[in-house]
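Survey of secondary and tertiary structure
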Amino acid sequence: MGRIAMATTAAGAAAVAYGAGIERRRWTLRQATLPVLGEGARPLRILHISDIHMLPGQKSKQRWIAALDALEPDLVVNTGDNLAHKQAVPAVVRALGPLMQRPGIFIFGSNDYFAPKPKNPARYLLPSAKKKRIHGIKLPWRDLRAAMVERGWHDLTHVRRIVSADGRNIAVAGVDDPHLRLDRYNEIAGRPDPTAALRLGITHSPEPRVLDAFANDGYDLVLAGHTHGGQLRIPGYGAIITNCDLDRSRARGASRWGSHMWLHVSAGLGTSPYAPVRFACPPEASLLTLVPRTNGGEAAKTNTRFGARADVR
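Scope of this entry: the structure provided in the associated data block.

**What about the overall build of the chain?**
The helix and strand inventory of the chain stands at 6 helices and 15 strands. Considering only intrachain contacts with a sequence separation of at least 6, the fraction spanning at least 24 residues in the chain is 77%.

Right, here's the structure in full:
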């Protein structure tokens, strides 16, 4: 029994060392093809970025994100939690700088508003509804918003609008972070423009109540983050928890939501500085190629390493 206990402890320590020292810096590009466009439409490429959780000194993360501009997406979507430090705004702007020359939309998450704080690791295993919110200091999200808007990106916090990407009109709408219960879907409720090439919704936390609202209004696709893909996944089992009311099977990647809508959840690019571990869930950005629905009903998914750089310092 003693040897078994020692072996179990050693295996656990090795997994933590790998998750903290290697996997959380193993930048990965996830690719998916989603059949959501009208018949005969040419493909539309969306770069989905989420949960950067940037610290000022994370240079390789900044370089890797900036290098994603080489993918030449038609639209960039940022679904929040960019910040992890009160001085991280310049680092986020440097990372997103090249991408902000392209059409882009964004909303914020809880960690844009409040800094993380040390927490008992056992809280990770608690259902989301049983977790008391523990907030750190307020973060300068208004400065980040100003930088994004100045460069042409659209803040979709409780906003509906038409944006142009690849010469096509896209009906977009977003809500404030449902994780903090800041969402007010009634402010954007209603069916989006039926003549748009795509009807796209965005939210930080993929709470089912918000996804149902988007689906009932006829949106084609909703993009979200927040879950970190589970952050810790068990091979063959998947995410341990989603940190919201979304079921574990949808914690990362694409899935159907209802009869018409697709959902894509990004596993994100960062971690809390107080829980800097990922396991079986590398940090990611996602390149989504949207194609006509008649091309097939299922999403094709692949994983690709893209421009891996030196470890975060």
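**Points about the pairing of strand β13 (residues 261-265)**
Of all 5 residues making up β13, 5 are buried, and the element is well covered by its neighbours. Judged by which residues are buried, β13 turns out to be covered on both faces: Met-261, Leu-263 and Val-265 on one side and Trp-262 and His-264 on the other are all buried. Relative to β13, strand β9 (residues 221-224) runs parallel, the two being bridged by 4 bridges. In the sheet register, Leu-221 faces β13, and the bridge partner there is Trp-262. Pairing analysis gives 5 bridges linking strand β12 (residues 253-257) to β13, with the strands arranged antiparallel. Looking across to β13, one finds that Ser-255 is bridged to Leu-263.

**Regarding the packing of aromatic side chains**
Each aromatic ring pair is characterised by the separation of its centres together with the angle its planes make. What the rule picks out here adds up to 7 aromatic pairs. An angle of 85° between the planes, with centres 5.0 Å apart, marks the rings of Phe-214 and Tyr-219 as edge-to-face. Considered together, Phe-214 and Tyr-219 belong to a single accessibility category, that of buried residues. In textbook terms, an aromatic cluster arises when at least three aromatic residues are bridged by ring pairs, as seen for Phe-106, Phe-108, Tyr-113 and Trp-141. One Lys or Arg, Arg-248, reaches over the ring of Tyr-237 and ends 3.9 Å from the middle of that ring.

**What about the packing of helix α3 (residues 89-96) against helix α5 (residues 141-150)?**
Taken N-terminus to C-terminus, the directions of α3 and α5 make an angle of 25°; their axes are 10 Å apart at the nearest point. By the angle between their axes, α3 is roughly parallel relative to α5. By crossing handedness, the relation of α3 to α5 is classed as right-handed. Along its contact with α3, which presents Val-89, Val-92, Val-93 and Leu-96, the element α5 presents Asp-143, Leu-144, Ala-147 and Met-148. Each residue belonging to the contact of α3 with α5 can be placed in one class, and the counts come to 7 nonpolar, no polar and 1 charged.

**A short note on the environment of Leu-44**
Here Leu-44 shows up in strand β2 (residues 44-49). Taking the C-alpha atoms as reference, Leu-44 lies 9.7 Å from Ala-197; in sequence the two are 153 residues apart. Not counting residues within four places of it along the chain, the set of residues in contact with Leu-44 comprises Leu-37, Asp-74, Ala-165, Asp-166, Arg-168, Ile-170, Leu-198, Leu-288, Thr-289 and Leu-290.

**Brief notes about helix α2 (residues 59-67)**
A large share of α2 lies buried, amounting to 7 of its 9 residues. Looking only at α2, the buried set comprises Ser-60, Lys-61, Gln-62, Trp-64, Ile-65, Ala-66 and Ala-67. Close packing links the buried residues of α2 with β1 (28-37), β2, α3 and β14 (284-292).

**Considering helix α6 (residues 208-216)**
Listed in full, the buried residues belonging to α6 are Val-210, Leu-211, Ala-213 and Phe-214. Considered in projection along α6, the buried side chains sweep an arc of 160° and stay on one side of the axis. Gly-218 sits one or two positions beyond α6 and adopts a positive phi of about 95°.

**Quick word on empty space enclosed by the protein**
One pass over the full model with this rule turns up 1 cavity of 30 Å³ or more. In this structure, the largest cavity encloses a volume near 70 Å³. Forming the boundary of the largest cavity are 11 residues, of which Arg-24, Gln-58, Lys-61, Gly-270 and Thr-271 lie nearest the centre.

**Some thoughts on the packing of α2 against α3**
At a minimum axis separation of 7 Å, α2 and α3 run at an interaxial angle of 35°. For the pair α2 and α3, the contacting residues are Lys-59, Gln-62, Ile-65 and Ala-66 in the first and Ala-91, Arg-94, Ala-95 and Leu-96 in the second. Taken together, the residues of the contact of α2 with α3 break down into 5 nonpolar, 1 polar and 2 charged.

**Points about the pattern of salt bridges**
Evaluation of the coordinates by the stated rule reveals 10 salt bridges. The partner of Arg-168 in a salt bridge is Asp-166, and the shortest N-O contact between them spans 2.6 Å. For the salt bridge of Arg-184 with Glu-187, the shortest nitrogen-to-oxygen distance reads 2.6 Å. On the accessibility criterion, Glu-187 (43% relative accessible area) is partly exposed. Three or more residues joined by partner-sharing salt bridges are found here, namely Arg-42, Asp-166 and Arg-168.

**Concerning the side chain of Asp-177**
Mapping Asp-177 onto the fold places it in the loop between β7 (168-174) and β8 (198-202). Classification of Asp-177 by relative accessible area gives buried; the value is 0%.

**Some thoughts on the sheet that holds β13**
Taken in spatial order, the 6 strands line up as β6-β7-β8-β9-β13-β12 in an open sheet, and their pairing is mixed. Of all the strands in the sheet, just β6 (159-165) and β12 have a single pairing partner and so form its edges. Taking each pair of neighbouring strands and ignoring which way they run, the sheet shows an average axis angle of 25°.

What counts, and where the lines are drawn
- Residues numbered from 1 in each chain as written.
- Predicted model: local features only at pLDDT ≥ 70, side-chain atom pairs only at ≥ 80, totals over all residues.
- Heavy atoms only, no water.
- Helix = DSSP H or I, 4+ residues; strand = E, 2+ residues; numbered from the N terminus.
- Contact = heavy atoms within 4.5 Å.
- Buried < 20%, exposed > 50% of the residue type's maximum accessible area, 1.4 Å probe, protein only.
- Pairing = 2+ DSSP bridges.
- Phe/Tyr/Trp six-rings, centres within 6.5 Å; stacked < 30°, edge-to-face > 60°.
- Lys NZ or Arg CZ within 6 Å of the ring centre and 35° of its normal.
- Axes fitted to C-alpha atoms, helices over the stretch in contact; angles between N-to-C directions.
- Parallel < 35°, antiparallel > 145°, perpendicular 65-115°, else oblique.
- Left-handed = near helix turned anticlockwise from the far one by under 90°.
- Nonpolar A, V, L, I, M, F, W, Y, C, P; charged D, E, K, R; others polar.
- Arc of directions from axis to C-beta.
- 1 Å grid on protein atoms, 1.4 Å probe; cavity = no way out; pocket = protein on both sides within 12 Å on 5 of 7 lines; lining within 4 Å.
- Points joined across faces, edges and corners; volume = space filled by probe spheres on them.
- Salt bridge = Lys/Arg side-chain N within 4 Å of Asp/Glu carboxyl O.

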